[in-house]
Structure formats: structure tokens, C-alpha cells
Amino acid sequence: MKNKNGVSMCLFSTKGGVGKTINTMNLAGICEHLDKSVLVIDFDLYTGDIATYANKKFKKDLYDLALDLDHHKYNGIINYVTKVDEYIDILPAPIDPRYSSKINHNYINKVIKDAKEEYDVVLCDTNHALNEISLSVLDSVDRCILVTTNDPLDIKSLSTIISIFKDNEYKNYKILLNNSRDPFKDYFTLFDIKKIIKHNIDYTLSNELYIKDIENYIMDGLIITLQTKFPTLYMKDYRVYLTMITDMLEGDKNE
Ligand SMILES: Nc1ncnc2c1ncn2[C@@H]1O[C@H](COP(=O)(O)OP(=O)(O)O)[C@@H](O)[C@H]1O
Ligand SMILES: [Mg+2]
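A quick note: this is a predicted structure, and the numbers were derived from the prediction, not measured. (Residues numbered from 1 in each chain as written. Chains lettered and ligands numbered in written order. Predicted model: local features only at pLDDT ≥ 70, side-chain atom pairs only at ≥ 80, totals over all residues. Heavy atoms only, no water.)

S.K.: Where do I start with empty space enclosed by the protein in this structure?
M.R.: Leftover empty space is mapped by rolling, across the atoms, a probe with the size of a water molecule. All told, the structure shown has three cavities of 30 Å³ or more when counted by the stated rule. Taken together, Ile22, Met25, Asn26, Tyr53, Tyr217, Ile218, Leu222, Ile223 and Ile224 form the lining of the largest cavity. Elements represented by at least two residues in the lining of the largest cavity include exactly α1 (20-33) and α8 (214-219). Among the elements that line the lining of the largest cavity, the one with the most residues is α1, at three residues. Tallied by class, residues from the lining of the largest cavity come to eight nonpolar, one polar and no charged. (1 Å grid on protein atoms, 1.4 Å probe; cavity = no way out; pocket = protein on both sides within 12 Å on 5 of 7 lines; lining within 4 Å. Points joined across faces, edges and corners; volume = space filled by probe spheres on them. Helix = DSSP H or I, 4+ residues; strand = E, 2+ residues; numbered from the N terminus. Nonpolar A, V, L, I, M, F, W, Y, C, P; charged D, E, K, R; others polar.)

Put into C-alpha cells, the structure is as follows:
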């Protein structure tokens, strides 16, 4: 064990398609820029795409890990990860979704805790269902980023999850408004959104980050933030990503 004492974060929303997965990978790229080792864990157990986004074939996934925990054969998280590059590893969702329901949600806390001992940063991707898996991830991470777009239905669902968090006195969350998915949809101003959700917007990705041929990057396993020209071409959004990571690394200590 390296005993890194890392930090963990998940991206969550109760709506699919808002940009959780792509931004999880983009943030992993930012960790690399900051010289931080990072593990991306795919807790979107039934429809997880992290291995696809990284374009990586893998031998072990979360089901293998859970099975070994069941049979007392688990011998450290490092035996289940797949290397993407020098800084980034991934721990994929089960290759066969029929195995996903067999993963005991009580293991999630241990998986994240062990990962934090091996990596500077642990990023967890999630599914949009507010089920036991997502709840365990939310309970286990140091910080949750709630992701929304400017779409009325996404904002409605954000508003609901914020109320649920308030009811449960869950406070470890920040809000990311992702304007990059639908650059031509700006139904609400920032002021409107804050009024609707009765909460501040902590981070905003601009519509300039809309990438027309994003599927090509995904198919080729290219992490957008790691492309050479990214910091200059998308300077504003690069800074937002940097702030998200540095806030997590440093901010929590001061909160
Ligand atoms: N910056 C962007 N530019 C263009 N399309 C984007 C961008 N971010 C997200 N998208 C689109 O949104 C889709 C959903 O993103 P994804 O990260 O898979 O959402 P989620 O994980 O929340 O379901 C992507 O497949 C892509 O088509
Ligand atoms: Mg996803």
C-alpha cells in the first residue's frame, strides 16, 4: 500500500446524458496535468462507458473485485485496475451487466477507501438512478459534483436532488452547469437557475466547449483535456476544470 491519503469525488445527476462520464474523463486529464495519479471507477454498473471512453480492453472489472471480496481472495485494488497512461488508471464496470446486480453495495466504501490509499485522486462515475449503489457512492466520497445542463428537465431533476440532499443534511456537494452539451440551448440565465434551484452554481462549463465531433474523440479513447491544444483553445473551460480539481484537493481542508 502506498498510503497516499488521496481525495475522492463523484459526478452525479438524476438525469442521464448531462455529461457525467465525459467530464469525469476530462477531470482525470486535468489531474494528470497537475501531476496527480488518478483512478477512475465506473460505478455506472449497468451501462458504464469508462472503458469505452478510454478505449481500453481490460481483464478485470468491479465484478471480479466484488467476487474476490465475497470469497476472501481480494488482495488490494491495484490488482483490478487497467492502465490508461502513466497517471490514469480505470476500474471498469462489469463487462456483462447481468453480473452488476451481484455487486454488494456495502463494498463500495471499501473500494473507494482502498483506492484513496493508492492514488492522489479517485474519480467515480455514476448512473443517474438514485439507487443503493449511487447512495453508497455519495456516502463514501469526499465530494459530489451535481451536473446539470441548461435543459428545463435537467434543472428540474437537479432541483429535486438538491431538496433530497437538504432533507438528509448531505452537504458535500458542488454544482456544475454544463453548457457545452447544448450550445444553442440557453433557456435560463444563471440568475434564473439559481432562483429555481435555490442554490449557487459553483462551476460553469461554457458553450464554447461544445465539440461537434466529440464522438470521434470518444471512439478513439482520446481524453479531450489531454489534447495538446486544449489549454489554449479552451482556456476558460480549462481554468474551470483546474479550479474544480484544486478546490477538491485544497478547498476541503479550509471548509
Ligand atoms: N463538450 C461536449 N461537446 C459536444 N457534445 C457533448 C459534450 N459533452 C457531452 N456531450 C454529448 O453528451 C453526451 C452524453 O455525455 P455523457 O458524458 O455520456 O453523459 P452522462 O454520463 O451524464 O450520461 C455525449 O455522448 C455527447 O454526445
Ligand atoms: Mg455516463
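S.K.: Can you help me understand the site of ligand 1 in this one?
M.R.: Looking at ligand 1, there are 15 residues lining it, with Gly17, Thr21, Ile22, Tyr53 and Ile211 nearest. Measuring from an oxygen atom of ligand 1, one finds a side-chain N or O atom of Thr21 at 2.8 Å. In this structure, an oxygen atom belonging to ligand 1 sits 2.8 Å away from a main-chain N or O atom of Ile22. Notes on ligand 1: free accessible area 560 Å², of which the protein chains cover 82%. Counting atoms within 2 Å of the grid points, the majority share of ligand 1 lands in the largest pocket. For the shell around ligand 1, the elements supplying multiple residues, two or more each, are α1 and α8. (Near = heavy atom within 4 Å. Polar contact = N/O pair within 3.5 Å; in protein donor to acceptor, adjacent residues only side chain to side chain. Areas by Shrake-Rupley, 256 points an atom, 1.4 Å probe, with all protein chains shown as cover. Sits in = over half its atoms within 2 Å of the grid points.)

S.K.: Before we go on, may I ask you to explain the packing of aromatic side chains in this structure?
M.R.: One pair of aromatic rings is described through two measures. These are the centre distance and the angle between the planes. Inspection of every chain in the model, using the stated rule, returns nine aromatic pairs. Consider the rings of Tyr63 and Tyr99, whose centres lie 4.4 Å apart with planes at 10 degrees: the pair is stacked. In this pair, Tyr63 is assigned in helix α3 (residues 62-70) and Tyr99 in the loop between β4 (88-91) and α4 (108-118), connecting sequence segments 36 residues apart. Owing to a relative accessible area of 14%, Tyr63 belongs among the buried residues under this scheme. (Phe/Tyr/Trp six-rings, centres within 6.5 Å; stacked < 30°, edge-to-face > 60°. Buried < 20%, exposed > 50% of the residue type's maximum accessible area, 1.4 Å probe, protein only.)

S.K.: Any chance you could explain a nonpolar patch on the surface here in plain terms?
M.R.: There is a patch of nonpolar side chains on the surface, built from Leu130, Leu135 and Ile164 and spanning about 220 Å² of accessible area. Summarising the element assignment, Leu130 is placed in the loop between β5 (121-126) and α5 (132-140). (Patch = residues over 30% accessible without salt bridge, like charges linked within 9 Å, V, L, I, M, F, W, Y side chains within 5 Å. Salt bridge = Lys/Arg side-chain N within 4 Å of Asp/Glu carboxyl O.)

S.K.: Got a minute to help me understand the environment of His33 in this structure?
M.R.: By the element assignment, His33 lies in helix α1. Relative accessible area serves as the criterion here: at 34%, His33 is assigned to the partly exposed category. Spatially, the C-alpha atom of His33 lies 9.1 Å from that of Leu242, the residues being 209 residues apart in sequence. Beyond its immediate sequence surroundings of up to four residues, His33 is in contact with Thr225, Leu226, Pro231 and Tyr238. (Contact = heavy atoms within 4.5 Å.)

S.K.: Would you take a moment to explain the layout of surface pockets for this structure?
M.R.: Volume-wise, the largest pocket comes out at about 460 Å³. Surrounding the largest pocket, 26 residues form its lining, Gly17, Val18, Gly19, Ile22 and Tyr53 being those nearest its centre. For the lining of the largest pocket, the secondary-structure elements that each account for two or more residues are α1 and β5. The element best represented in the lining of the largest pocket is α1, accounting for five residues.

S.K.: What is the right way to look at the side chain of Glu32 in this model?
M.R.: Assignment of secondary structure puts Glu32 in helix α1. If we ignore the near neighbours within four places in the chain, the residues touching Glu32 are Asp85, Tyr87, Ile88 and Leu226.

S.K.: Would you take a moment to explain the nonpolar core for this structure?
M.R.: The nonpolar side chains of a soluble globular protein tend to be buried with one another. With 43 residues, the main nonpolar core has Ile41, Phe43, Leu91, Cys144 and Leu146 as its most contacted residues. Once residues lying within four places of it in the same chain are set aside, the contact partners of Leu146 are Phe12, Leu158, Ile161, Ile162, Phe165, Tyr173, Lys174, Ile175 and Leu176. Core analysis: the next-biggest nonpolar cluster, separate from the first, contains 39 residues, Ala51, Ile90, Ile214 and Ile224 among them. (Core = buried A, V, L, I, M, F, W, Y, C linked by side-chain atoms within 4.5 Å.)

S.K.: Where do I start with the pairing of strand β7 (residues 173-178) in this structure?
M.R.: Here is the key point about a regular strand: its side chains alternate between the two faces of the sheet. Counting buried residues along β7, six of its six residues qualify, which places the element largely inside the surrounding structure. Side-chain alternation along β7 places Tyr173, Ile175 and Leu177 on one buried face and Lys174, Leu176 and Asn178 on a second face that is also buried. Bridging between strand β6 (residues 143-148) and β7 involves five bridges; their strand directions are parallel. Within β7, the residue paired with Leu146 across the bridge is Ile175. Crossover β6 to β7 through helix α6 (residues 152-167) is right-handed. In the classification by handedness, the crossover that spans β7, the intervening helix α7 (residues 190-197) and the parallel strand β8 (residues 203-205) is right-handed. (Pairing = 2+ DSSP bridges. Right-handed = clockwise from strand over helix to strand, strands pointing away.)

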